[in-house]
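Chain by chain, the residues run as shown.
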Amino acid sequence: MLNGIHHVAIICADYPRSKAFYSQILGLKVIAEHYRQARDSYKLDLSLPDGSQIELFSFNGAPPRPSYPEAQGLRHLAFKVDDIDVVVTHLQQNNISVEPVRIDEYTGKQYTFFSDPDGLPLELYQVS
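Please read all numbers here as calculations on a predicted model, not as lab measurements.

Visitor: Help me out: how do you make sense of the pattern of salt bridges in this one?
Guide: One pass over the structure, following the stated rule, counts six salt bridges. Where aspartate 118 meets arginine 17, a salt bridge forms, and the shortest distance between an N and an O atom there is 3.0 Å. Note that aspartate 118 is positioned in the loop between β7 (110–115) and β8 (121–126) and arginine 17 in helix α1 (residues 15–25), a separation of 101 residues in sequence. Relative accessible area serves as the criterion here: at 39%, arginine 17 is assigned to the partly exposed category.

Here it is, written out as structure tokens:
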């Protein structure tokens, strides 16, 4: 029935800052960018190497996330990585604060958390 995740939609507070974060720092490929004049809003489609996508939206007056990280709804967005140390170093070189790497007690895999410019919790999960 379900074949995978097609996209995750994120509403950001500062569109240029978030666009730079996801496309330049995280290296996601820009597929399309649309300014929707009727909504005074941007929609940016970004892709990951496996074909999944992130839709980045700007909406004037959107409320901030109510709490970190345990608000109801989406808890965090996790990215698969081959070498967590390489990605952590890259993020830190770009002044992104990253939590210490931990080991998943059930899978034995390494993982860590960091945040996007709006405080959305993001996870790195080493799959190899």
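On we go.
Visitor: Please explain the sheet that holds strand β5 (residues 77–81) as it appears in this structure.
Guide: Sheet strands line up and pair through hydrogen bonds in the backbone, either parallel or antiparallel. Across the sheet, four strands lie side by side as β5-β8-β7-β6; this open sheet has mixed pairing. Because the sheet does not close on itself, it has two edges, and the strands there are β5 and β6 (102–103).

Visitor: Which parts of the structure should I look at to understand the sheet that holds strand β4 (residues 53–58)?
Guide: A sheet is described by the order of its strands in space; here four strands give the open sequence β1-β4-β3-β2, paired in mixed fashion. Since the sheet does not close on itself, it has two edges, and those belong to β1 (7–12) and β2 (29–36), each with one partner. Across the sheet, the mean angle separating the axes of adjacent strands is 15 degrees when strand polarity is ignored. For β1 and β4, the ladder comprises six bridges, and the chain directions are parallel.

What counts, and where the lines are drawn
Along every chain, residues carry numbers that run from 1 in the direction the sequence is written. Where local features are concerned, this predicted model is filtered to residues with pLDDT of at least 70; where side-chain atom pairs are given and counted, the filter is 80 or more; whole-chain, interface and lining totals use all residues. The side-chain figures draw on all heavy atoms in the structure; neither hydrogens nor water molecules are used. We count a salt bridge whenever a side-chain nitrogen from Lys or Arg sits within 4 Å of a carboxyl oxygen from Asp or Glu. A run of H or I in DSSP counts as a helix once it spans at least four residues, and a run of E counts as a strand once it spans at least two, with each numbered from the N terminus. A simple rule labels every residue: compare its accessible area, found with a 1.4 Å probe on the protein chains alone, to the largest value its type can have, and call it buried under 20%, exposed over 50%, or partly exposed in between. Pairing between strands requires that DSSP locate at least two bridges from one strand to the other. Only C-alpha atoms enter the line fits that serve as axes; for helices the fit covers just the stretch in contact. Angles between N-to-C directions range over 0 to 180 degrees.

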